[in-house]
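The chain contents come next:
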Amino acid sequence: MTERTGRRCCLGCDFSTQQVKIVAVDEELNVFYEDSVHFDRDLPEFGTQGGVHVHKDRLTVTSPVLMWVQALDLILEKMKASGFDFSQVLALSGAGQQHGSVYWKIGASLALSRLSPALPLHQQLQDCFSISDCPIWMDSSTTAQCRQLEAAVGGARALSCLTGSRAYERFTGNQIAKLFQRNPEAYANSERISLVSSFAASLFLGGHSPIDYSDGSGMNLLQIQEKVWSQACLDACAPNLEEKLGSPVPSCSVVGAISSYYVQRYGFLPTCQVVAFTGDNPASLAGMRLEEGDIAVSLGTSDTLFLWLQEPLPALEGHIFCNPVDTQQYMALLCFKNGSLMREKIRDESASGSWNKFSKALQSTEMGNNGNVGFYFDVMEITPEIVGRHRFNAENTEVSAFPGDVEIRALIEGQFMAKRIHAEGLGYRVMPKTKILATGGASHNKDILQVLADVFGAPVYVMDTTSSACVGSAYRAFHGLAGGAGVAFSEVVKSAPHPSLAATPRPGASQVYEALLPRYAELEQRVLSGAQRPLE
């Protein structure tokens, strides 16, 4: 996308697993510039695949921190070469892949404050990290540390009530604990530990940027109600951890003005503000402009639910984070592994591989499927922990097969009933003003979206969300600039492009599913008790 000069704007950056991306959004909230640097393609010297290194144990997954630094050099040089007018940038914010951690060596803050505009960042920061390969969200090597943390605070449920999630291998506290146990010298030599988001903000700030509440909620360390570090969790992970993390801040905080390095090297104005960076999922919530009572459903390889919550009920499944655009509210994430691959399998088995036939089956079967209910988990599900296929007829008797069209409706109704039940388990409630935003591959299928609208009893909208974390970061920059916590985010972004209506609940849908949902929940418990050990 080409840049037109003279448009005052905010920048949004996204440091994701495979690339760094930047968008510019003008004051009318139109995206008018975007560019990216792809790690594997543009920085092949780091030898990553999909932006990461998977280690020999297949559990440890890291990314080189200097690759992220050099990617920022590259993308800013590309913008400069295109004629981008950096003097028009009022503020910037960004997102980082959640849970990943960066370890700044003692002396790094001095190096950040003394950057020379004559040299790229990566040449000046190469000796600033106590470990060169950062653990990221794909890492699952910290099971022992997870059990230690849960034991220290009285169990998985107690940890979830405190921090919003039970212990997960990818969560940062457990990664820090592993580093301290395996490499105490590197830990001792770290003056600051950042998340990927606050690390990226630090590059722009020329000093250590604080961790924000929302991304900080993905660490198993932050008390999400009080928004302070949990002393019990810190102590369970590593000594002197609080001073290495710094104090967390509201996600809409202005953390400072841009470093003079960018003023001199690229032509930013010294008044350009840096708004706290956050995680990619919270930034996407901002980019999709969810409001209280709204829900976003990403229908991809795995299905993900984003919920806006007022009064969360932490559980053993899912994650509750502080809300990135309203400090008094929360958001929740629920992940379902059996997403589009499961839908494609049933399409192949029951609709001869045709989406057209799949849609016709949904059109020709009744809401509620005449009482036939199915569970379809070809890979071990996360929410809940079940594997296998289970079908029940209207009499609650398990049966071995359904006719093809019944099978298709049982799959789609089951997937959406599970989403509603587990969302409500975290404190979510459908409200009269609820909107459902559908994204991902299956959001192009109107008949699937019709079932979604019917099961939730709320209208379904679709919008282009390919850059939602990036665009959400630019929106958050405007919000921080406008006063942050004192101003409603929805006011700041009200002129942004609106999603389009795709489906509304059919007459009678609420009666059908209000009756069916409790039955589905009971059958799920029956399958679960027969299939899995309990979590605690």
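Above: the structure in question.
Residues numbered from 1 in each chain as written. Predicted model: local features only at pLDDT ≥ 70, side-chain atom pairs only at ≥ 80, totals over all residues. Heavy atoms only, no water.

### Re helix α9 (residues 196–205)
Definition in use: Three exposure classes are used, based on accessible area relative to the maximum for each residue type with a 1.4 Å probe and protein chains only: buried under 20%, partly exposed in between, and exposed over 50%. Strands are runs of DSSP state E lasting at least 2 residues, helices are runs of H or I lasting at least 4, and numbering of each runs from the N terminus.
Judged by how many residues are buried, α9 sits mostly within the fold: ten of ten residues are covered. Among the residues of α9, V196, S197, S198, F199, A200, A201, S202, L203, F204 and L205 are the ones counted as buried. G206 lies just past α9 and shows a positive phi near 70°.

### A closer look at the packing of aromatic side chains
Put simply, the rule is: In this scheme Phe, Tyr and Trp rings, the latter by its six-membered ring, pair at centre separations within 6.5 Å, and the angle between planes marks the pair as stacked below 30 degrees, edge-to-face above 60, and tilted otherwise.
As enumerated under the stated definition, the model contains 20 aromatic pairs in all. Residues F86 and Y266 carry aromatic rings whose centres are separated by 5.7 Å and whose planes lie at 55° to one another, so their mutual orientation is tilted. Placement of F86 in the loop between α2 (65–81) and β6 (89–96) and of Y266 in helix α13 (residues 260–266) is noted, with a sequence separation of 180 residues between them. By relative accessible area, which is 2% here, F86 ends up buried.

### Quick notes on unusual backbone geometry
In this structure, P384 follows T383 across a cis peptide bond, with omega equal to -5°. Tracing the chain through its elements places P384 in the loop between β19 (373–377) and β20 (388–392). Not every positive phi belongs to a glycine, and N220 is a case in point at roughly 60°. Along the chain, N220 falls in the loop between α10 (213–216) and β10 (222–223). A relative accessible area of 0% places N220 in the buried class.

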